[in-house]
Each structure stands twice: as structure tokens, then as C-alpha cells.
Amino acid sequence: MTKPKFTREEALAFHLEPVPGKWEVQATVPMTTQRDLSLAYSPGVAVPCLEIAANPELAYDYTNKGNLVAVISNGTAVLGLGNLGALGSKPVMEGKSVLFKRFADVNSIDIELDTEDPDEFCRAVRLMGPTFGGINLEDIKAPECFIIEQRLKEEMDIPVFHDDQHGTAVICAAGLINALHLSGKKIEDVRIVLNGAGAAGIACLELLKSMGARHENCIMCDTKGVIWQGRTEGMNQWKSAHAVATELRTLEEAMVGADVFLGVSAKGAVTQDMVASMADNPVIFAMANPDPEITPEEAHEVRVDAIVATGRSDYPNQVNNVLGFPYLFRGALDVHARAINDEMKIACARALAELAREDVPDEVALAYGRALTFGRDYIIPTPFDPRLIYRIPPAVARACMDTGAARRPIIDMEAYEAGLKGRMDPTASILRSIHARARQAQARMIFAEGDDPRVLRAAVSYQRNGLGKALVVGREADVRAKLEATGLGDAVRELEVVNAANTRHLETYKALLYQRLQRKGYDRQDVHRLAARDRHVFGALMLAHGHGDGLVTGATRKSAHVLELINHVFDADAEHGAVGVTALLHKGRIVLISDTLVHEWPESEDLANIACRAADVARHLGLEPRVAFVSFSTFGYPVSERAQKMHLAPKVLDARGVDFEYEGEMAVDVALNRRAQDSYPFQRLTGPANILVVPARHSASISVKLMQEMGGATVIGPILTGVDSSIQICSTNMTANDILNMAVLAACKIG
């Protein structure tokens with residue numbers, strides 16, 4: 001995968017819009033009536049308070065404690081940026097909270113403590129213990145991180161986990177299990193050299209020793225060389241625990257004959273000569289970030305038999321902590337663990353290693369743009385493997401139960417795994433998949449409205465993220481000025497700016513347009529004005545002549561008007577089968593609504609066509625279509641002439657023998673609610689519908705905008721389908737990121 005590129009301004013905008021920060025708090029119970037408030041607060045809240053006071057374990061039942069983790073830092077070691085202080089670390093801690101939610105559905109609150117005193121830090125965290133089910137320590141400098149974690153583990157009865165130490169160690173261990181398997185070596189026999197005697201390095205070595213690595217076979221190095229028994233310079237109690245009796249004094253000496261190198265140090269710490277001196281089939285985990293101790297290319301130049309991992313996403317075998325901490329805490333929280341012990345960490349590492357040996361789902365291979373098969377370039381699962389959520393937490397939970405650290409053991413593990421599958425948010429994998437497909441397609445994308453800053457930002461992101469070539473319709477001076485105003489002045493050299501004045505194809509464009517419009521009341525002057533002055537038409541003409549692979553337009557004008565202009569060049573109307581499908585993403589669900597763009601008042605045959613088009617879009621997005629023809633009536637009641645066409649549309653599909661599920665007519669609550677569907681045992685849907693075909697365009701528009709404004713749904717679309725070329729029409733309220741998503745859809749030819 002290519003490493004995403006972004007500017008300082010883009011990074012700041014991401015954290016600023018639509019509201020400052022990266023997460024917010026939402027209520028999970030109704031808070032509308034006086035009765036709701038009485039139950040949520042006084043006097044109703046007194047009942048669970050008394051129950052918990054009598055039995056503290058009930059806090060896991062009546063509060064959010066059992067799914068709540070605190071991400072806590074004092075900002076003394078923020079990423080590779082050093083001591084930024086408590087407030088300077090907050091964006092990172094917010095980000096960690098988002099990762100907990102995204103990957104394992106764990107709720108998390110970031111807390112930044114403004115102290116470098118371990119005693120003050122420990123006291124503050126300890127006093128907050130009743131609130132949380134677990135504590136994730138982050139970005140605390142060594143050696144204080146060792147002191148703080150050890151004290152809190154002793155003083156608290158919930159899991160305390162310093163991810164900078166143990167998260168890296170767990171993923172490193174998972175990769176090493178498979179690397180040694182491929183090289184035919186055993187952990188108890190191999191010589192391991194570690195460079196970087198900080199928190200992560202020490203944790204890596206400690207975990208590997210608990211898995212069988214022998215103390216005398218493990219050489220730890222720091223900036224002063226080998227840590228040997230008797231050394232006094234630059235030592236502390238944590239380093240001393242790993243000192244060995246050896247005559248070796250330098251990293252270069254230690255690397256001779258070594259089977260494994262683990263690096264958590266600095267760029268360039270390892271040379272090609274050092275790699276060449278290692279044993280056969282060497283394992284090299286160069287995990288320094290952002291630049292490894294030695295790159296895979298450099299290592300393979302001298303040792304083709306080497307298995308290499310780094311901390312970077314643009315190389316194979318990424319040692320990424322996100323493979324560990326969300327799932328460790330998920331498993332720990334679900335058994336109400338008292339701690340995260342070594343057995344749980346080892347179980348996590350082994351489960352990750354086993355997962356990497358299995359066949360990789362197509363969606364994962366697609367997301368990474370290459371076939372992934374267990375071997376030297378794939379020893380660690382990818383962070384976006386959908387199986388992680390239901391494979392890793394059960395392994396952690398079992399280890400927790402086996403070691404007696406679980407307060408509430410899981411009785412039915414199969415049911416638990418099924419529940420974990422239900423926590424997966426399909427929207428993230430869908431969006432990631434279409435971005436990966438767009439990156440493979442490398443489409444030349446026409447952005448028709450180069451006079452709009454949002455469109456320009458989307459175009460820049462499209463190109464800088466390796467999705468393809470961005471072609472912007474506009475005047476170069478205007479484009480340059482608007483890019484400079486948004487802090488992207490350097491991007492004008494990257495984009496290709498196209499307009500009627502600088503293209504040699506204008507006469508060809510006009511000829512096609514005149515041919516299509518001459519019998520619709522347009523003369524040559526009208527055609528010239530359209531082709532030369534209207535950017536929507538000009539962009540469509542570029543696409544029609546193969547001067548681009550996709551078109552994104554509509555961010556500055558009403559979609560109905562834009563569609564009318566597009567229809568001058570393409571057959572994008574109801575008569576020719578065009579349909580608009582809008583995707584609503586909300587609380588882990590995705591529902592497609594159609595037709596939201598083209599058909600004003602479709603009849604039963606039209607509705608059947610719309611269903612087929614929407615089913616195609618669903619499959620392009622990775623969904624198995626379940627279509628509901630929705631109305632205010634359900635299966636004939638109440639009787640209404642206006643609902644008749646919704647009743648007839650499924651019969652049209654019956655006659656066609658289509659290969660997807662469909663049913664109707666039915667009310668929306670029946671379509672989307674499995675329990676409501678159970679009241680109609682004859683109905684044919686096997687689950688909640690993911691496609692709603694609505695009676696008319698106005699009802700589609702109302703539904704989408706109501707969900708967007710009142711429900712907070714994310715809207716993608718309308719996705720234009722049924723047109724010969726790949727065109728997507730934005731809405732005027734879209735952000736730059738929304739426009740980018742529309743470009744990605746166009747690149748994937750979803751439609």
C-alpha cells in the first residue's frame with residue numbers, strides 16, 4: 001500500500017471539522033420525557049446506586065464500566081515528538097480512543113494528567129478506578145512508565161496496560177512465532193539481539209522469554225552497546241535484569257551469527273554488513289518509526305533469505321499495535337478481568353499468528369491491492385482483517401479464565417463469538433474496499449467545478465492518496481489562487497487544469513453536442529455557450545471522448561439541474577434507465593435508498609428496474625441485496641390506491657426471476673426490524689432490508705435528509721447508475737471528504 005500523503009492544513013482541518021476533536025458523547029437511553037429524566041437521574045437512579053453499593057460487581061450490569069477504558073498520558077513521550085506535555089498529547093489520546101471504538105467497539109475516554117511526578121500520576125489514576133473497566137497508559141517516558149504501570153497493577157483491580165510496552169511486544173511475538181515457523185527454528189534455540197532498551201524493547205524481550213526464549217541467548221543493546229553483566233554506565237534496574245555474561249560489547253559484534261534482530265531504536269542503526277553476518281534465514285524486525293533501523297530493500301540486497309518486518313504500512317509485515325490493544329481489552333472487559341497477564345498477551349500473540357496462516361478473505365487482499373498468502377511477506381495479519389474481532393478476544397478471554405483473572409467467565413463461547421461478529425461496523429470495511437479498488441483502477445478523474453475550494457481539496461486528496469490522476473476544469477489562475485487560500489498552493493503543479501481555452505478538442509466536443517441537441521431547439525451558438533462556458537457540460541464532453549475515466553460534479557448547483565446538463569451529453573434520464581441510489585451509513589448499518597435522483601413518480605415496472613439497479617450497486621459495495629418496497633402500508637393494509645404500485649412491483653420481479661431477495665409492500669419499520677418481520681412469517685426477507693425502494697423521488701429526498709439532519713447519518717450519494725459512463729453527482733452541502741468519496745465511487749465504476 002502507498003503511504004497516504006497529506007498537508008499540515010489537511011491534518012488540522014481533519015481535527016477541526018465538522019466539530020473540534022475526534023469523538024463525542026451520546027446517550028444510549030431516551031432522555032426526552034419527564035419520566036425518562038426521573039429514571040435516568042433522581043429519583044430512579046437511586047435504585048441501581050443501592051444495588052451497586054450492596055454488590056459492587058453489579059456496576060458492570062447497571063453502568064458502562066464494563067465497556068469503558070481510560071486512555072491516560074502525561075505527554076512525556078508523545079509518538080516520536082518527545083515531551084509535549086499533557087495538553088500536547090491530547091490529539092493522540094483522542095485518536096487512541098477512536099481506535100478502541102473503531103476496531104473493537106470499546107468505549108474510551110482520553111485523560112491527560114498534567115504531572116511528571118509518578119506518585120501524583122498513580123494517585124490520580126487510582127482514584128478514578130471505579131469509573132473504568134480498564135486503564136490504557138500511553139506515551140509516558142521511561143523509566144517512569146515502568147514505575148507507574150507496576151504500581152497501578154498492584155494497587156488496582158482492573159486491567160492496567162501500557163500499550164507502548166506490551167502492545168508492541170504482543171505483535172512482535174506474533175510475527176516472530178510465524179517467522180521462526182517459516183525458518184524452521186525454535187524460540188528456545190535462537191539467538192536474539194535487541195537494540196533499544198526502552199519501554200517497548202524491554203517488554204518485547206520479557207514477553208519472548210516468558211514464551212521460551214532463553215536468557216543467555218538474548219542480547220540487549222542500547223546507545224552504549226551491549227548490556228553485559230558488570231556494566232555500570234547508563235544502567236537501571238530494568239536493563240540490569242537482562243544483562244548477560246558475554247564478551248560482546250557492540251551491536252555489530254552481537255549481530256554475528258544472530259538468528260533474530262529486534263529493533264526499537266533509530267533509523268540506520270543496522271548496516272548491511274551486520275545483516276550479512278547473521279545466521280541463515282535471519283529474522284529482522286526493524287520497528288523504529290517513522291524510519292526503520294534498516295529498510296527491507298537494504299536488508300534483502302545482502303540477504304535474500306531474510307524475513308523482514310517494520311512498523312510501516314507501506315512495507316509488508318507491519319508491526320502495528322492496533323492488532324493488539326483493542327482486542328486484548330475487548331476480551332478482558334468481556335470477562336470483567338482483574339488484570340491483563342502474560343498468559344493473555346501470549347494467547348493474543350498466538351491467535352494472531354494462527355490467523356496469519358489461514359486463507360485471507362478476498363476483501364482484505366483487495367484492500368491491500370495484492371494477494372496475501374502466509375509466507376515471508378505475510379507473517380502478521382493486516383489491521384483491517386474482519387476476523388480479528390471474533391478471533392482474538394475469545395483467545396484472550398479463555399486465557400483470562402484459565403488463569404483465574406476473570407470475575408465473570410463466559411459460559412457459551414460460541415454465542416460470545418457470534419456476538420463479537422455483530423459488533424463489526426460494515427461501513428468502514430466497505431469504504432476501505434472501494435478506496436482500495438479505486439487505487440487499483442488509477443482512474444483519470446474529472447473534477448468539473450474547479451472554482452470551488454472543496455472540490456479542489458478533494459482533487460488534491462484524490463491524487464496525493466495515489467487514487468489516480470486529478471483533472472480539474474477551471475481557469476489556472478483561479479485554481480492557483482483558491483489552492484493558495486486553502487494552504488495547498490504547492491498542489492497546483494500536481495493537478496492538470498483543463499478548460500475550453502487550453503484544449504484542442506473544443507470543436508470535436510461541440511460537434512458531438514450539436515448532434516445530440518440540434519433537434520431539441522439548440523442552435524450552434526447555444527451549443528458553443530454550453531460547451532465552452534458550462535463546466536458540467538464541458539466535463540461530460542471530456543468524459544464522452546475518453547479524455548477522462550470518471551466525472552464528479554454537482555457540488556455547486558442543484559443536482560436536478562446538473563443532471564439535466566449531463567443529459568445533454570449522456571442518456572442520464574428515466575427513459576434510458578438511469579437511477580440514483582443514496583447510501584445511508586448510521587450506527588454500523590448501511591441502507592441504500594432509491595430512486596433519489598431521476599424518477600419523479602415511478603410506476604411498478606420502473607420500481608422493479610430501480611430495485612435491480614440498486615441491487616447492482618449493493619453488490620458493488622460488498623452487500624448481499626435485500627430489497628424492500630416500502631410504503632405506509634404493509635402487505636395490503638391499510639388499503640390505498642397510492643400503495644398499489646408498491647404491491648405490484650414485487651410481482652414484476654417474480655416474473656423476471658431475479659437473483660436477490662425482495663419483498664413488499666411494507667412499512668419502513670417492518671423492512672428494517674427483524675422482530676417486526678417475525679409478525680409476518682410468510683415474508684421472504686432473511687433479515688433486515690438493506691435497500692429501500694420508495695414510492696417517489698420526493699419521499700426519497702425527505703427520508704435521506706431527515707436521517708441526515710435528525711439521525712446524524714452519513715450520506716454517500718446519490719450514486720448515479722444506469723449511465724454508460726462513470727458519473728457521480730454531488731450535493732451542494734458536501735464536504736471535501738464527501739466529494740472525495742464520490743470520486744472514489746466514480747473510479748470504481750459503481751453505478
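Residues numbered from 1 in each chain as written. Predicted model: local features only at pLDDT ≥ 70, side-chain atom pairs only at ≥ 80, totals over all residues. Heavy atoms only, no water.

Trainee: Help me out: how do you make sense of the overall build of the protein chain in this one?
Mentor: Summing up its helical and strand segments, the protein chain has 32 helices and 21 strands in all. Its C-alpha atoms give the protein chain a radius of gyration of 30 Å, near enough to 27 Å, the size a compact globule of 751 residues would have. On the principal axes, the C-alpha backbone points of the protein chain span a range of 95 × 70 × 45 Å. For the protein chain, restricting intrachain contacts to residue pairs at least 6 apart in sequence, the fraction spanning at least 24 positions comes to 70%. For the protein chain, the accessible area works out to roughly 32,700 Å², and carbon and sulfur atoms hold 52% of it. (Helix = DSSP H or I, 4+ residues; strand = E, 2+ residues; numbered from the N terminus. Rg over C-alpha atoms; globule rule 2.2 N^0.38 Å. Contact = heavy atoms within 4.5 Å. Areas by Shrake-Rupley, 256 points an atom, 1.4 Å probe, with all protein chains shown as cover.)

Trainee: What exactly am I supposed to notice about a nonpolar patch on the surface here?
Mentor: A cluster of nonpolar side chains, contributed by Val29, Met31 and Leu37, occupies part of the molecular surface with about 250 Å² of accessible area. Of note, Met31 is situated in the loop between α1 (8–16) and α2 (34–40). Residue classification places Met31 among the partly exposed residues on the basis of a relative accessible area of 42%. (Patch = residues over 30% accessible without salt bridge, like charges linked within 9 Å, V, L, I, M, F, W, Y side chains within 5 Å. Salt bridge = Lys/Arg side-chain N within 4 Å of Asp/Glu carboxyl O. Buried < 20%, exposed > 50% of the residue type's maximum accessible area, 1.4 Å probe, protein only.)

Trainee: Sorry if this is basic, but what is going on with the sheet that holds strand β20 (residues 714–721) here?
Mentor: By definition, the strands of a sheet pair up through backbone hydrogen bonds, in either a parallel or an antiparallel sense. Read from one edge of the open sheet, 6 strands run β18-β17-β19-β16-β15-β20, paired in mixed fashion. What marks the edges here is a single partner per strand, and that holds for β18 (661–666) and β20. Between one strand axis and the next, the sheet turns by 20° as a mean value, whatever way the strands run. Of the pairings in the sheet, the one linking strand β15 (residues 579–586) to β20 comprises 6 bridges and is antiparallel in character. Looking at the pairing, Leu585 lines up with Thr714 of β20. (Pairing = 2+ DSSP bridges. Axes fitted to C-alpha atoms, helices over the stretch in contact; angles between N-to-C directions.)

Trainee: Would you mind showing me how to read the domain arrangement of the protein chain here?
Mentor: For the protein chain, the assigned domains read domain 1 (15–28 + 64–158), domain 2 (166–315), domain 3 (322–421), domain 4 (437–568) and domain 5 (578–718). Computed from C-alpha atoms alone, the centre-to-centre distance between domain 1 and domain 2 is 29 Å. In total, domain 1 and domain 2 occlude about 450 Å² of area from one another, counting both sides; carbon and sulfur atoms represent 77% of this. For the pair domain 1 and domain 2, the interface holds 0 salt bridges. (Domains from an automatic or database assignment. Buried area = accessible area lost by both parts, 1.4 Å probe.)

Trainee: Looking at this structure, how should I read empty space enclosed by the protein?
Mentor: It is a probe the size of a water molecule, rolled over the atoms, that shows where empty space is left. Scanning all chains against the criterion turns up 4 cavities of 30 Å³ or more. Roughly 50 Å³ of volume is contained in the second largest cavity. Looking at the second largest cavity, the residues that line it are Ile430, Leu431, Ile434, Ala583, Leu585, Ile590, Leu621, Ile716, Ile719 and Leu745. When residues of the lining of the second largest cavity are traced back to their parent elements, those giving at least two are α20 (426–441), β15 and β20. Ranked by the residues each element gives to the lining of the second largest cavity, the list is headed by α20, at 3 residues. Here the residues of the lining of the second largest cavity sort into 10 nonpolar, no polar and no charged. (1 Å grid on protein atoms, 1.4 Å probe; cavity = no way out; pocket = protein on both sides within 12 Å on 5 of 7 lines; lining within 4 Å. Points joined across faces, edges and corners; volume = space filled by probe spheres on them. Nonpolar A, V, L, I, M, F, W, Y, C, P; charged D, E, K, R; others polar.)

Trainee: Would you explain the sheet that holds strand β8 (residues 260–263) in this entry?
Mentor: Pairing is mixed in the open sheet, where 6 strands are placed in the order β7-β6-β5-β8-β9-β10. Where the open sheet ends on each side, the last strands, each with one partner, are β7 (225–226) and β10 (307–310). Pairing of strand β5 (residues 192–195) with strand β6 (residues 218–222), which is carried by 4 bridges, proceeds in the parallel orientation. Note on β6: the bridge partner recorded for Val193 is Ile219.

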